[in-house]
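# Structural overview
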Amino acid sequence: MGGSANPEAESVRAQLYRIVKSPDFDATERSRKFLTYIVEEVIAGRADRIKAYAIAVEVFGRDESFDAHSDPVVRIEAGHLRRALNLYYVTVGVSDEIVISIPKGSYVPKFDVRPVPTPPVPVARRARWQRAFPFAIACLMALAMLPWLAVNRGGGERLQTPALPRLLVRHFDDLTNAGNSQAIARGLTQEIIGQIAKFKDIVTVEGDPRDEKGASTAGSSTSDPRYVLAGDINVIDNEFRLRARVLNRVDNSVIWASSYTGDLQPSKLIATVTDIARQVATSLGQPYGVIYRADASQRPQSAPDDWQAYACTLAYYAYRASLDGKKHPSVRKCLEDAVRRFPNYATAWALLSQAYVDEIRFRYPIDPSSSPASIDRALDAARRAVELDSENIRALQAQMFALYFHGEADAALKIGEQALSLNPNDTELVGEYGYRLALAGNWERGCALMSEARKRNPGPLAYYESGLALCSYFKGDLREAAMWITRRRRRRTPTII
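Structure report, in brief. In this text the structure is predicted, and so the values were computed from the model without any measurement. (Residues numbered from 1 in each chain as written. Predicted model: local features only at pLDDT ≥ 70, side-chain atom pairs only at ≥ 80, totals over all residues. Heavy atoms only, no water.)

### Regarding the state of the cysteines
Put plainly, a disulfide is one covalent bond tying together the sulfur atoms of two cysteines. The line we're drawing: Note on terminology: disulfide denotes any pair of cysteine sulfur atoms within 2.5 Å. Labels follow the DSSP assignment, with helices taken as runs of H or I lasting at least four residues and strands as runs of E lasting at least two, numbered in each case from the N terminus. The buried label goes to any residue with under 20% of its type's maximum accessible area, the exposed label to any with over 50%, and the partly exposed label to all in between, with areas taken from a 1.4 Å probe on protein chains only.
Summed over all chains, the structure comprises two disulfides. Residue cysteine 447 pairs covalently with cysteine 471 via a disulfide, S to S 2.0 Å. Disulfide cysteine 447 to cysteine 471: torsion about the S-S bond roughly -95°, handedness left-handed. Pair noted here: cysteine 447 is in helix 16 (residues 443–456) and cysteine 471 is in helix 17 (residues 461–474), with a separation of 24 residues, a long-range link. We classify cysteine 471 as buried; its relative accessible area is 8%. Of note for the protein chain: the bonded cysteines, numbered N- to C-terminal, pair according to 1-2, 3-4.

Spelled out as structure tokens, the structure:
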């Protein structure tokens, strides 16, 4: 067993029991079973047998045909389990003597013994919500920082990708400067960073205005943040108010602003802050969101290769909003050029896969200068995207999409559900997964997801309206179905399935 001092098997087993039985261990029953399996295998001396295939079969009930390349369930669940363990040990498990962890790149758990911390000195009696607040903030900050650390460590991989937009998130100003207002501002800042970091095509940078360059030089390099998220917090009685804005660093112009109100009651605080952070992240990070619209409006002269490759993804989203067949050949070629110049660009591989599927399902005329698309080519491109980044939502969406049109609906929906659990803020995924779910027979949930996507995503409205027309038809509301069909036809889009 690994660790600074190898604990006895029974001590490890007791710690395992403490974790999986703890109501504060933020993990599903499947993740608890996953953890139990790998710990017991190590205790039994079978660490060498802990592989993706064995976990998939023994824990997740997959059959012998399981292929880790086409079904990333083990990698995704391992990521969830690592985050749940990290959160447990910085909150309720902070004083536990034995630490069970799962090192990145392996499924074999590691066991460490750490000194038990000295109990804190008692503090004076405070108001009920003030006593509960520090623990809530600790949970919130730990949860928020985990995805940010996963995205931003090991920056070498980022250097191999195109000029992705970089967003500097300033620490929100505390206008109240009394009681726990500073902790509220700090906790909300960290939660928003964590939620935005789930969008893999935005590089999130935490910063302080004193460390920034002046506006005249900001954004002059693709490694400089192009945008800044700033804001302030004001606490009044049992509520707080966040005012947030995004600035273009080139000229300090405000390109987006919004305000949010939250409840300070301890029982509602974490849920309220998380909900606000998700709203901000969706507005900024989703395809067709604030950052996309700002970048799509740029037309840099003599753009370098890294910007041109990134611009191919912007061109794809512009095409998808209208599904204009005349734009498709140039978008496909642009993406093919992008993956040739940047073979590690997961998002470009994913969008290329979807471009191949569109060529087939909409029967676009074949470009004489290109070879015909095929579902196999679409699957290969999607799998390449997932191999490059198993938590890239566009990659998982592309794999879901290609598997669905390959006739593997169950496998497709399984991938879609995994992607949704990774980033429920991504309305592009929410709408597409909802569409596939509805067509597979789960009309209630699928239609609800499509309706949510249409409300929150300003992009491919006709796409969602086509699906909502089917939803209305199958629930027997022909008047509403006709309304959605009329709206879709006005947008002059192809028939969508």
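Now that the structure has been shown, we can carry on.
### A closer look at helix 15 (residues 427–439)
Here is the rule: Multiplying 1.5 Å by the residue count of a helix minus one yields the expected span of that helix. By the criterion applied in these results, polar contacts are pairs of N or O atoms within 3.5 Å in which, for protein atoms, one can donate a hydrogen and the other can accept it, and in which residues neighboring in sequence qualify only through two side-chain atoms.
Over its 13 residues, helix 15 extends 18 Å from the first C-alpha to the last, a length consistent with the 18 Å expected when each residue adds 1.5 Å. Across the 13 residues that make up helix 15, a large majority, twelve, are buried. For helix 15, every residue scored as buried is listed here: Thr427, Glu428, Leu429, Val430, Gly431, Glu432, Tyr433, Gly434, Tyr435, Arg436, Leu437 and Ala438. Sitting at the amino-terminal end of helix 15 is aspartate 426, which places a side-chain oxygen 3.2 Å from the backbone nitrogen of glutamate 428.

### A look at the environment of glycine 194
Here glycine 194 shows up in helix 6 (residues 181–196). The exposure class of glycine 194 is buried, given its relative accessible area of 3%.

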